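Understanding the architecture of this molecule
Listed below, chain by chain, are the residues.
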Amino acid sequence: MTTTTENLAVTGAVGAAHTRLEGRDKVTGTARYAGEVPFAELAHGWLVLSTIARGRIRSVESAPVLALPGVLAVLHHDNAPRVNGDYSGPLGPPDPILQVFQHDRVPHVGWPVALVVAETPEQAREAAERLVVRYDEEPHDVAFSAGRPGMYTPENSPTVAAETAKGDLDAELTASAVVVDAEYTTPEEHHSPLEPHAAMARWDSGRLEVVDSNQGSRFVAEELAQLFSLDPGAVRVRSEHVGGGFGSKATRPHAVLAAMAATVLHRPVRVVLTRRQMFSVVGYRSPTVQRVRLGADADGRLRAFDHQAECLTSTVHEFVERSANFGRPMYDAAAHHTVNRVVPLDVPTPSWMRAPGEAPGSFALESALDELAEKCGMDPIELRARNEPEVGPVSGLPFSSRRMLACFQEGARRFGWADRDPRPGIRREGRWLLGTGTAAATFPSGVAPSTAAVTAEADGTFTVRITAADIGTGARTALALIAADALEVTPERIHIKIADSDFGPAMIAGGSMGTRSWAWAITAAVRELREQLALSGGIPPQGITARADTGEAVMALAKKERHSFGAQFAEVAVDVTSGEVRVRRMLGIFAAGRIVNPLTARSQFIGGMTWGLSMALHEEAARDQASGGHVGADLAGYHFAAHADVPPIEADWVDDPDPDDPVGIKGIGEVGIVGAAAAIANAVWHATGVRHRHLPIRPDRVLLAGTAPGGDRDA
């Protein structure tokens, strides 16, 4: 099945700026999040986490705690309901952290060891803090470094190869006139969405009902059904309002624990994670060590391309931060090699975090491209233009569209790139050295099968039901605009109902695939509805509903390289006395498909770019080697960009509708962070002449490296 943008009638809703449908509810407090929805007889669970990094639980001394006022139960490995772990979901076998309280093993600091349930949150917290858990501790290993023992290349996934190779890399490096061979590192980073993870569970008429903060309520419902050996129809999950996710809000232990406690107590139970607990329970971005080797002719044309990335995972579940994947669709060379490697340590399992792989991978590769441009005496944009591929460098597939150079051209014009003196360390304002930098961005543009239902109501309005998730992106509003245009009515006549697993299977809000997948299903349902209305001669008093499933259409898509692209620009000022780096302005220009709602889309891009700034200069989780736990696992110890750190940021786009999508959408949720840290790091080099290959670029690192121009000195 081939579709084009002509499938969507244009009546003016899509492409025009619209405020969020739920905006008033959110700012007035009417919109309730998972931790706020009231339920009669609600009990409260408080999680207890391990304080050792490896070993066994010897005892859980629950008797004194059960005697405290209001305490209803203490669940742990000796008395918790048994769950099923022998299944494979859409993303493979479950992370064992979901199989809570099934054994006495402790694989890392912060492993769930008990849940205290009480009448009030305060009683549960006090009891949890008093609970004594005794352990038999074993030696642990949390030290991550390049090439350390135990590092291995993981198996290929069904869709992504761990390693790709073509050509003779050593021969092409030897024949290259210019070579860059450098190591780059990124630290452990954390999502920390504004709304903590929360879930309420209760049994209602034989069904398990869960109100959760997640990125895909159907996905969570299906996993809970597997874990508790229930019929899929016996679980309902709702998550109407979600205060951020960024990859961390898939199925997490708090929802499993709430269901366990509700089963034991026969009453509703809510579990809300604290900010500190989120640092070890809901995933994070693994630290990376990346070696990039680039070989080029004197005119900057690549002969050799080698990107090797290493990361860590836990000892109980494999997750790979695929940083080496970033360059696979970006630049070609006669010899092209990429590989991701991973080492298991006694740490929590990492997880998806905004632009997984592409965010750290772009820092390394786009920094190396900047170094190559310097060695070739070329403008960084010209170097990238000279190495634009015509087809996928690894796959050989055609691009659905590729307007990266258009992003650089428009960005350079608006940023004033032509006036840039390429020499580092030249511009100065008092104690501040000034510099500018740029980097490319890309993120895959995928789509997944989804279902939707559209009802023509007797009053002339239309109700759309789809298991979408709005995690702060404005998806609810975008889908209303898409439905309005497809139905050729005003958005005011559209009622959107989302985030209820009873609405049927649909893509989660992740991988920049949500809105595209949901929009496809909605437009398909609208086409079916139009046919039914034509046959019925109008809307009957009880209304009429059409349903659609895009499974066949999605599977029939021609194989192509499908990506969003972008160009990032940054100007920085570096204080030579304190080492402080201040970003003065940022500009991002993106080619990311048809933009449904410019207001919320620009917000998404700016949010990603802000996170990239934070990644470049602030974010770094430190792990204590002795205890295996975090140092400062809170938003006081984990630094991120505050308002005063964020300069004027501009985000815009070039026209780039996807011809194979019924709405022309590609996806914008993650491409905004990609390349942003590299652009800032490249700007710091331009300001100081010192290359910073290790994030974050802290003041102490700037002072230690010095700020006198020094070519390829590494900081």
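Reading the values: the criteria
Residues numbered from 1 in each chain as written. Predicted model: local features only at pLDDT ≥ 70, side-chain atom pairs only at ≥ 80, totals over all residues. Heavy atoms only, no water. Axes fitted to C-alpha atoms, helices over the stretch in contact; angles between N-to-C directions. Helix = DSSP H or I, 4+ residues; strand = E, 2+ residues; numbered from the N terminus. Left-handed = near helix turned anticlockwise from the far one by under 90°. Contact = heavy atoms within 4.5 Å. Nonpolar A, V, L, I, M, F, W, Y, C, P; charged D, E, K, R; others polar. Buried < 20%, exposed > 50% of the residue type's maximum accessible area, 1.4 Å probe, protein only. Pairing = 2+ DSSP bridges. Salt bridge = Lys/Arg side-chain N within 4 Å of Asp/Glu carboxyl O. Phe/Tyr/Trp six-rings, centres within 6.5 Å; stacked < 30°, edge-to-face > 60°. 1 Å grid on protein atoms, 1.4 Å probe; cavity = no way out; pocket = protein on both sides within 12 Å on 5 of 7 lines; lining within 4 Å. Points joined across faces, edges and corners; volume = space filled by probe spheres on them. Core = buried A, V, L, I, M, F, W, Y, C linked by side-chain atoms within 4.5 Å.

In helix packing, the relevant descriptors are the interaxial angle and the interaxial distance, both defined with respect to the helix axes. Contact pair helix α8 (residues 358–376) / helix α15 (residues 676–688): the axes reach a minimum separation of 8 Å and the direction vectors enclose 35°. The hand of the α8/α15 crossing is right-handed. The residues of α15 that touch α8, namely those facing S362, F363, E366, S367, D370 and E374, are A677, A678, A681, N682 and W685. Here the contact of α8 with α15 is built from residues that sort into five nonpolar, three polar and three charged.

Moving on, we come to the pairing of strand β22 (residues 563–575). Most of β22 is tucked away, with 13 of its 13 residues classed as buried. The alternating pattern of β22 places H563, F565, A567, F569, E571, A573 and D575 and S564, G566, Q568, A570, V572 and V574 on opposite faces, both of which are buried. Pairing geometry for strand β17 (residues 432–444) and β22, over 13 bridges, is antiparallel. Paired with W432 across the bridge in β22 is D575. As judged from the ten bridges shared by β22 and strand β23 (residues 581–591), these two strands associate in the antiparallel manner. In the sheet register, F569 faces β23, and the bridge partner there is L587. Where β22 hands over to β23, the hairpin turn is made up of five residues, of which G579 adopts a positive phi near 80°.

Here we take up the pattern of salt bridges. On inspection of all chains with the given rule, the structure shows 59 salt bridges. Its salt-bridge partner being R236, residue D500 comes within 2.5 Å of it at the nearest N-O pair. In this pair, D500 is assigned in the loop between β20 (494–498) and α12 (514–536) and R236 in strand β11 (residues 235–238), connecting sequence segments 264 residues apart. Residue classification places R236 among the partly exposed positions, given a relative accessible area of 26%. A salt bridge links D660 to R562; the shortest N-O distance between them is 3.0 Å. Of this pair, D660 sits in the loop between β26 (649–653) and α15 while R562 sits in the loop between α13 (551–555) and β22, and the two are 98 residues apart along the sequence. Residue R562 is classed as buried on the basis of its relative accessible area of 10%. Connected through shared salt-bridge partners, E410, R413, R414, R602, E650 and D652 make up one network.

What follows concerns unusual backbone geometry. Residues L695 and P696 are joined by a peptide bond in cis, for which omega reads -5°. Along the chain, the position of P696 falls in the loop between α15 and α16 (699–705). Although it is not a glycine, S192 sits at a positive phi angle of roughly 50°. Summarising the element assignment, S192 is placed in the loop between β8 (178–186) and β9 (198–204). Even without being a glycine, S229 presents a positive backbone phi close to 55°. Within the secondary structure, S229 sits in the loop between α5 (217–227) and β11.

Scanning the model with the defined rule gives ten aromatic pairs in all. Taking 6.0 Å as the distance between ring centres and 90° as the angle between the ring planes, the aromatic pair formed by Y184 and F363 counts as edge-to-face. You can see Y184 sitting in strand β8 and its partner F363 sitting in helix α8, a full 179 residues away along the chain. The burial state of Y184 is the same as that of F363; both residues are buried.

On to the layout of surface pockets, then. For the second largest pocket, the calculated volume is near 580 Å³. In this structure, the second largest pocket is lined by 26 residues; those nearest its centre are L49, S50, T51, R276 and Q277. Elements supplying a minimum of two residues to the lining of the second largest pocket: β1 (43–49), α3 (121–130), β6 (132–137) and α7 (275–281). Per-class residue counts for the lining of the second largest pocket are 13 nonpolar, nine polar and four charged.

Looking now at the sheet that holds β11. A sheet is described by the order of its strands in space; here seven strands give the open sequence β3-β5-β1-β12-β9-β10-β11, paired in mixed fashion. Only two strands of the sheet have a single partner each, and these edge strands are β3 (71–75) and β11. Mean inter-strand twist for the sheet, computed between neighbouring axes without regard to direction, equals 20°. Here four bridges tie strand β10 (residues 207–212) to β11, and the two strands are oriented parallel to one another. Bridging across to β11, L208 finds its partner in V235.

It is worth spelling out the sheet that holds β20 at this point. One open sheet holds the four strands; their spatial order is β20-β19-β18-β21, and the pairing between them is mixed. Unpaired on one side and paired on the other, β20 and β21 (544–549) mark the two borders of the sheet. Ignoring which end each strand starts from, the neighbouring axes of this sheet average 15° apart. Sheet topology note: the strand β18 (residues 451–456)/β21 ladder contains six bridges and is antiparallel. Paired with V454 across the strands is A546, a residue of β21. Packed on one face of the sheet, helix α11 (residues 475–487) meets β18, β19 (462–466) and β20 and runs near 135° to β20. Sitting on the sheet, α12 is in contact with β18, β19 and β21, with an inclination near 140° to β21.

Turning our eyes to something else, we now look at the nonpolar core. Among the nonpolar cores identified, the biggest contains 83 residues, and L294, L372, F569, V572, M586 and I680 are the most heavily contacted of them. Once residues within four sequence positions are removed from consideration, L294 is found in contact with L173, V178, V179, V180, L302, A304, F305, L365, A368, L369 and L372. Core analysis: the second largest hydrophobic core is formed by 60 residues, V65, V117, F228 and V237 among them.

Read these as geometric descriptors, not functional statements.
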